[in-house]
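Each chain, letter by letter, is given below.
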Amino acid sequence: MMTGTDVNGDWGSIYQGVMPNDGILVVSFTGTNESSYAAGPGAQSLVPWANGGGKFSMPVTKGSYVSLGGNHVKDVELRLYPLAASI
């Protein structure tokens, strides 16, 4: 599990980094007001109430750089679920 950065304002970075493996990156967070939002390339989640939970997922490849943003979010957690090798 990786920990992201809380964003108390209108927009900011919640995570930036290089992925260690191919897999599915699952991002979860808690919204802090009625317009809490988090997003990455091709994925997003809107939480229209304070203290509501949000979650989204996206495929990633080993060595890819991922930059995620959000507004009014806290308790950001990222989990990378590796893909099994296909035969």
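Preceding this paragraph is the structure being described.
The structure reproduced in this document is the subject of the present report. (Residues numbered from 1 in each chain as written. Predicted model: local features only at pLDDT ≥ 70, side-chain atom pairs only at ≥ 80, totals over all residues. Heavy atoms only, no water.)

## Some points on the nonpolar core
The test is simple: In this text, buried Ala, Val, Leu, Ile, Met, Phe, Trp, Tyr and Cys residues form a nonpolar core when linked through side-chain atoms within 4.5 Å. Three exposure classes are used, based on accessible area relative to the maximum for each residue type with a 1.4 Å probe and protein chains only: buried under 20%, partly exposed in between, and exposed over 50%. Secondary structure elements follow DSSP: runs of H or I no shorter than four residues count as helices, runs of E no shorter than two count as strands, and numbering proceeds from the N terminus. Note on definitions: a residue-residue contact is assigned when non-hydrogen atoms from the two residues lie within 4.5 Å.
Judged by nonpolar contacts, the single largest core of 19 residues is most densely connected at Ile-14, Leu-25, Val-27, Met-58 and Leu-68. Counting residues per element, this core draws most heavily on strand β8 (residues 73-82), which supplies four residues. Excluding residues that lie within four positions of it along the chain, Leu-68 makes contacts with Gly-12, Ser-13, Ile-14, Tyr-15, Leu-25, Val-27, Ala-39, Gly-40, Pro-41, Phe-56, Met-58 and Leu-78.

## Quick look at the environment of Met-1
Of note, Met-1 is situated in the segment before β1 (2-3). Classification of Met-1 as exposed rests on a relative accessible area of 62%. For the pair Met-1 and Leu-78, spaced 77 residues apart in sequence, the C-alpha to C-alpha distance is 5.8 Å. Dropping the residues within four chain positions of it, Met-1 is found in contact with Glu-77, Leu-78 and Arg-79.

## Considering the sheet that holds β1
The criterion, for reference: The criterion for strand pairing is that DSSP finds at least two bridges linking the strands in question.
Ordered in space as β1-β8-β3-β6, the four strands form an open sheet in which the pairing is antiparallel. The outermost strands of the open sheet, each flanked by one partner alone, are β1 and β6 (53-60). Bridge count between strand β3 (residues 23-31) and β6: eight bridges; the pairing is antiparallel. Bridge assignment links Leu-25 to a residue of β6, and that residue is Met-58.

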